[in-house]
Every structure is written in C-alpha cells, then in structure tokens.
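Remarks on the overall topology
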Amino acid sequence: MKFSHLLDLVHVPGGIPASRLASDLALVTSVSLDLADTPLSSADPADLAAGYASYRPRPVTAVVLTYNEEERIAGCLSALADDVDHCLLVDSGSVDGTAEQALRARGDARILSAPWADDFSRQRNLAFGEVTDGWLCHVDADEVLAMSHAGRLRRALSVLDYLLPDSNFVVSPVIADVGGPVYTNTQRVLRADGPFRFRGRVHEHPYDPDGRAPARVQVDVRFDHSGYLPEVVDQRGKRERYVRLDRLARTEEPDNPKWVYYEVRDGLDHRSASEEELRAAFVLLAAHAGETLPAGPPGYRSERIVDSWSLLCELALGLGESDALRTYAALLGEAGRTVEATYYRTLLESSRLLGRLSALVDEIGSVQGAEEPANRHLMARLFELQSTLALASGRYETVLPAYQKSVERGAGHNVTEDFGMLARVLAQLPDGAA
C-alpha cells in the first residue's frame, strides 16, 4: 500500500480501524506528489494500526531564534508543553530578560549564544550541531501554538515517523497572522539527522545540498503569529531589516530572481508609492521573473518565479497596464494558480465592462437636449435605463436624478423593483455591515 492510499482511507468510514493511527493520521492534510507514492511496510491498515499502538515517538526539540523577546518567549514556550521534549534558544545577544523568562516557562531550556550575522539561515542551522536526534521544530518567539491544537504536533510527527521512517521530507504546520493571511507551506519542522539545511539570509527555507526543495507534508497544527501587526512591524523595524537583508542577498546572488521578488515585495508600499516607483519596480521584477515556467519542482533559485507573476499583476493594476495584467494572469493559469488567475482575469474584464457601462451612462445624459413630445416616452425609458446602469457601474450620484427624471415621464417601475431587491439584500447583512 502507498502512503496516499492510506491517507485516502482516513476519510472512508471503516477504512482504518478506530485507533491511535486513525486519529493521528487524520492530522495530515496533504502531501507533495513525490511523497505520496511511498510504499508502506504493510498493505493491511489493521496491521499498521496494531504496530502503531506500541510505537514510541522520537523526541521533538523546539528551536527558537531570540533577541530581546522577554515579552513573548514565555507564552511561546508554555504553549508547546504537550508537544516538545526540549527547547533550544538560539539567542543573538539579548540584553533584556529573555533568558530568565524562558527558564521560568521551561526550566530545561538551553540557550545557545550566537551573535547576529545578518543571516537567519545561519542561526537556524546552528541547531543541527546541538541536536542530532528526533525532530527540530522551528518556532518564532512571536508565534504561539493554538490552545485547541495542543498535542497535535507531537501526534502528527509520531505517525509520520512510524509510517515514513526512511523518507526525507519537511513538515508544515499552519501559521496564521493575527488579523491577516494564513500560511500553509511553512516548512518549519524537519528531522535533525536529515539532509536538509536552511538557505537564504532572510525568508529562509530548507533545501537539500543541491538546492532542491524537499518533499512536504502539511499538518492540521496552527500557530498564531502576532509579529506582523502594524505596531510590531514599526516598533521592531522589521520592514527595514528585511529589505536590507534582501538587498544584501541580491548583491551576493545577483542572478537569483527570488531576491528581486523579495526586495520589491518587502520594500514597496503600494498605498504610498508614486507611479514612478511602481513602474521602476515593475520593470525590475519583470526583467528577472521572465515569462517561462521553470522546469521541474521549485528550488532555491526558481521557487518565487510564479509568485513574481502574481506580484506583477498587482503592480500592473496600479499602473493600469491591462496588457501586462492579461499576460501575467495567463501565466498564473498555466502554473496552476487558478484562483489568482481567475481573480485577475475577472478584475480586468469587469473593469472593462464597468468602464463601458459608465460610458453608456454619459451617452444617455448627452441626448437629453434632443427630447421632444414625440420621443418623451423613449426618454423616460432611457432615464430608467440610465439609473440602472449608473447603479451597476458605481455612478451613484447619477442613480436618483436619473430615476426621478424617468418617474416624471411616467416610467421608473423597473428601477423601483431594483431598489426593492437591493433593500432586501442589504437587510440580510449583519448589523453594521451595510
């Protein structure tokens, strides 16, 4: 039996006997294709469940990079009480009470002093010299395991160890920004004795020695992350630090397109950027991203090409470059990013249609001077139509005047029906949403 087949049986009633194996395996939400076909030690789910009943999992060590984290470290470590056996802090020279708070929360925590060298990967990779057995779970100090998910990480790693003892892969828990996006391809957990090491001064991920991305497993384990709250970003100067490291990495690897992507993404504030800044960023990113989908699975150099196309779509929106938006939306579709491709294509087409509707609103207004008794009934219907088109195209200042003109000429019934339907829809919205 292949690993993917056993995962499928989790969702089939009676496919796997009710057991520790069934409950722990249910925490695995997806696996990459290069891992799905891995053969298991038995084709009988009952045999696998029986063997797992007495399986003792390997130890889990939390690795936390710290620098002046006294306000956060205790909450981070305390939340991991049911999931990790050891805690290793790689500290960059904290001058506050980080160490004291860590030891108060976790008396057996080890603290490795490692001066900051503008390199997150270097800090993370130091853990491999300190821990040689079991799993390394890299957690940031501003990430807290969700209370309702306590114990899940240990269970997920245990069942993966049992079923895939000879496979090399990384595990991705979910990281949810407070009030922001949710990240699934986090690649934070890996075996201490495996072949993967982190690369990149910033935005670091694990790779094999040849720069290939590892096989991946996603698990239903959520960490809540508060580090990207606006006040935290400003207070700790995260944006400036990331941009500086992006540029340093780009200087070292000028032909690596991922660093251009990160420099543009981290450094450009779309809300305040001038058109000149947007265009310069677009030209720079387009030159490095190209328009060809990289062959093979994403790796250290190619992993942000498709993300660059998505960012180019956003820049094209700001610049009003419809041809570029169409081009990169099509590339996203070819890359399998169908939701993004559909969004940008729909946005492009709807903008075109709304523009045409708005033009029709103006065109109707322009013939008002040609009204005479013989065509008054048609003008009534035209004003009725103008009111509807204005509502559809967001020309709200025109909706009521056009409606009143249509009523004065004996029409307006269709618009009244539209208003009634709109009122019924608005009445169904939650309080305050309208």
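Only a predicted model underlies this, so the values are computations on that prediction, with no experimental measurement involved. (Residues numbered from 1 in each chain as written. Predicted model: local features only at pLDDT ≥ 70, side-chain atom pairs only at ≥ 80, totals over all residues. Heavy atoms only, no water.)

1. Remarks on helix H16 (residues 338–366)
- Between its first and last C-alpha, H16 extends 42 Å over 29 residues, near the 42 Å set by a 1.5 Å rise per residue.
- For H16, the set of buried residues is Ala341, Tyr344, Leu348, Ser358, Val361 and Ile364.
- Tucked into the core, H16 has its buried residues touching helix H14 (305–319), helix H15 (322–334), helix H17 (376–393) and helix H18 (396–408). (Helix = DSSP H or I, 4+ residues; strand = E, 2+ residues; numbered from the N terminus. Expected span 1.5 Å × (residues − 1). Buried < 20%, exposed > 50% of the residue type's maximum accessible area, 1.4 Å probe, protein only. Contact = heavy atoms within 4.5 Å.)

2. A look at the nonpolar core
- One finds Val264, Phe282, Leu285, Trp309, Leu312, Leu315 and Tyr328 to be the most contacted residues of the largest nonpolar core, which totals 52 residues.
- If you tally residues by element for this core, the top one is H14, at nine residues.
- Filtering out sequence-adjacent residues up to four positions away, Tyr328 remains in contact with Phe282, Ala286, Gly290, Glu291, Trp309, Leu312 and Cys313.
- If you look at the next biggest cluster of nonpolar residues, it comprises 48 residues, including Leu7, Ala22, Val64 and Trp135. (Core = buried A, V, L, I, M, F, W, Y, C linked by side-chain atoms within 4.5 Å.)

3. Thoughts on the UniProt feature "domain: Glycosyltransferase 2-like" (unreviewed entry) in the chain
- In the numbering adopted here, UniProt assigns the feature "domain: Glycosyltransferase 2-like" (unreviewed entry) to residues 62–156.
- Split by type, residues 62–156 is 31% helix and 23% strand. Its first and last C-alpha atoms lie 15 Å apart. (UniProt positions renumbered as here; feature names shortened; annotations may be inferred.)

4. With respect to unusual backbone geometry
- The backbone of Asp118 shows a phi angle near 55 degrees, a positive value even though the residue is not glycine.
- Tracing the chain through its elements places Asp118 in the loop between strand E4 (110–113) and helix H7 (120–125).

5. Brief notes about the packing of H16 against H17
- Packing of H16 against H17 brings their axes to within 9 Å, and their N-to-C directions diverge by 150 degrees. Here H16 lies roughly antiparallel to H17, going by the angle between them. In this structure, the crossing between H16 and H17 has a hand that is left-handed. Between H16 and H17, the residues in contact are Leu354, Leu357, Ser358, Leu360, Val361, Ile364 and Gly365 and Leu382, Leu385, Gln386, Leu389, Ala390, Ala392 and Ser393, respectively.
- Class assignment for the residues of the contact of H16 with H17 results in 10 nonpolar, four polar and no charged. (Axes fitted to C-alpha atoms, helices over the stretch in contact; angles between N-to-C directions. Parallel < 35°, antiparallel > 145°, perpendicular 65-115°, else oblique. Left-handed = near helix turned anticlockwise from the far one by under 90°. Nonpolar A, V, L, I, M, F, W, Y, C, P; charged D, E, K, R; others polar.)

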